[in-house]
Amino acid sequence: MYEDIPVIRNHEVFADDFIPAQLNHRDGQIKSLRDDLKPLIDKEQGRHVFIYGPPGTGKTCTSMYVTGELKSESIPSVYINCWETHSRFKVLYKVLEVLGLKLSIHNKGTATHELLEKMKKKLHEKSCVVILDEVDQLDDDKILYDFVTTPNLTLILISNNETVLADADPRIRSRFASADNLEFKQYTTSEIAEILRERAEIGLVPGVIQNSYLEKIAASTSGDARIAINSLRIAAKAADDANTGRITEEHINKALPTAEKEVKKKSIDSLNEHQQIIYKIIKSTSDVKPSDLYSSYKKECEAKQMEPIKDRTIRKYLDKLVQYKLIIASGENKWRTYSIPEF
DNA sequence: CTTCCACCGGAACCGTGGGAAA
DNA sequence: TTTCCCACGGTTCCGGTGGAAG
């Protein structure tokens with residue numbers, strides 16, 4: 001009989017969507033965000049917000065933290081990740097769902113404009129906040145116009161890219177001219193270390209990890225809190241599985257590269273069969289020319305006895321892979337080549 | 001200078017699947 | 001049930017771009 005020596009006390013603490021009770025190192029942004037949304041409490045129009053900054057800087061977390069505070073004022077907020085929910089229809093559908101509108105429709109058979117009308121009617125009497133995470137993944141910016149012309153709806157747009165709105169419809173841009181622009185800079189190494197300490201304190205059994213290990217993780221994750229927290233989670237899980245009762249340096253060393261790969265693997269897994277073939281070809285041939293890519297792809301399909309998709313669709317897929325940052329497209333027209341990013 | 005070539009990407013279109021009204 | 005409606009993913013069509021070849 002083995003004695004179980006747990007290391008992890010609370011798994012939720014290490015989940016991507018965990019919101020700590022006390023959010024540190026983002027005081028300025030939290031205050032701005034609160035001010036922007038404050039009018040809602042007095043049944044007035046809030047100020048739209050545009051949040052930008054590199055991954056793992058607390059953009060999503062901070063938004064959820066502040067909008068969470070509005071719950072006690074019974075102001076609902078709708079969080080939408082535009083990676084998963086990217087069509088105008090689906091976004092509206094989700095908003096209605098959260099607003100508690102009973103929808104007899106499941107998915108098909110209802111016109112988008114009908115959903116829009118329903119939403120506008122509902123928001124006549126009630127205000128709400130809509131958070132659009134990864135806005136640049138929307139496949140149609142009409143939805144932004146829909147939102148911006150809906151009274152009592154305050155938008156929080158989140159993106160890695162500071163310039164997403166630059167080529168949006170001018171009517172959207174003008175509405176966003178008065179929006180609050182909030183920049184989230186990369187965390188410093190010591191800030192990451194402190195965030196890890198906070199998580200360890202509530203998520204791990206006391207004393208199972210040395211401070212210096214937390215600092216080691218912090219130092220090797222270049223300001224990305226999500227990767228840092230995932231590293232800690234993976235190391236803790238390994239210690240739990242090995243039943244060592246504490247996290248060793250070896251656990252840390254193994255966890256660091258795994259955490260970075262995890263994100264990539266997740267997106268590769270979500271690709272369809274054709275996209276995976278294309279990805280593999282690019283991976284095995286550096287700087288592939290489009291014509292070579294098409295022919296290799298067709299050959300591969302023949303070998304697998306599957307119907308190849310058309311070139312135009314391949315181009316659409318390539319576009320998607322570039323957005324996922326799984327591949328890099330360099331050069332224009334004739335000189336276009338595709339390759340896999342370094343590291 | 002004109003034609004050709006390889007590629008890009010917008011727009012319209014089409015078949016499919018599934019809910020809803022008749 | 002049948003008929004209609006509609007979102008969605010993929011396809012068809014095609015104009016544009018810019019260097020190379022004639």
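Above: the structure in question.
The notes below deal with the structure included here. Quick caveat: nothing in here was measured; it's all calculated off a predicted structure. (Residues numbered from 1 in each chain as written. Chains lettered and ligands numbered in written order. Predicted model: local features only at pLDDT ≥ 70, side-chain atom pairs only at ≥ 80, totals over all residues. Heavy atoms only, no water.)

## Description of the protein's contact with DNA strand C
What counts, and what does not: Any residue with at least one heavy atom within 4 Å of a molecule or strand is counted as near it. Under this definition, polar contacts are N or O atom pairs within 3.5 Å; protein pairs additionally need one hydrogen-donor-capable and one acceptor-capable atom, and for neighbouring residues in sequence, both atoms have to be side-chain atoms.
Taken together, 15 residues lie near DNA strand C, and Ser87, Thr112, Thr313, Lys316 and Tyr317 sit nearest. A breakdown of the atoms of DNA strand C within 4 Å of the protein gives sugar and phosphate a share of 83%. Note that a base oxygen of DNA strand C is positioned 2.9 Å from one of the side-chain N or O atoms of Lys316. At 2.6 Å from a phosphate oxygen of DNA strand C is found a side-chain nitrogen or oxygen belonging to Tyr317.

## Digging into the sheet that holds strand β2 (residues 77–81)
Operational definition: Strands qualify as paired when DSSP identifies two bridges or more between them. Think of it this way: any DSSP run of H or I at least four residues long counts as a helix, any run of E at least two long counts as a strand, and we number them from the N terminus. Here, axes are lines fitted to C-alpha atoms. For helices the fit covers the stretch in contact, and angles between N-to-C directions go from 0 to 180 degrees. By the convention used here, residues are in contact when the closest approach between their heavy atoms is within 4.5 Å.
Spatial ordering of the open sheet is given by β2-β3-β4-β1-β5, a layout of five strands whose pairing is parallel. Whereas interior strands pair on both sides, the edge strands pair on one side only; in this sheet they are β2 and β5 (180–183). Direction aside, the axes of adjacent strands within the sheet are offset by 15° on average. Alignment of β2 against strand β3 (residues 128–133), held across five bridges, turns out to be parallel. Counterpart to Tyr79 in the pairing with β3 is Ile131. Each of β1 (49–52), β2, β3 and β4 (153–159) touches helix α2 (residues 59–69); the most contacted strand, β4, lies at about 160° to it. Against the sheet, helix α3 (residues 88–98) engages β2 and β3, with an angle of about 150° to β2.

## Structural notes on helix α8 (residues 211–219)
Rules: Buried, partly exposed and exposed residues are distinguished by accessible area as a fraction of the type maximum, computed with a 1.4 Å probe on protein chains only: under 20%, between the cut-offs, and over 50%, respectively. Read the arc as the range of directions from the helix axis to the C-beta atoms.
Buried residues of α8: Tyr213, Leu214, Ile217 and Ala218, and no others. The arc that holds the buried residues of α8, viewed along the axis, is 145°, so those residues lie on one side. Next to the buried residues of α8 lie α7 (189–203), α9 (225–242) and α10 (249–269).

Nothing here speaks to function; it is all geometry.
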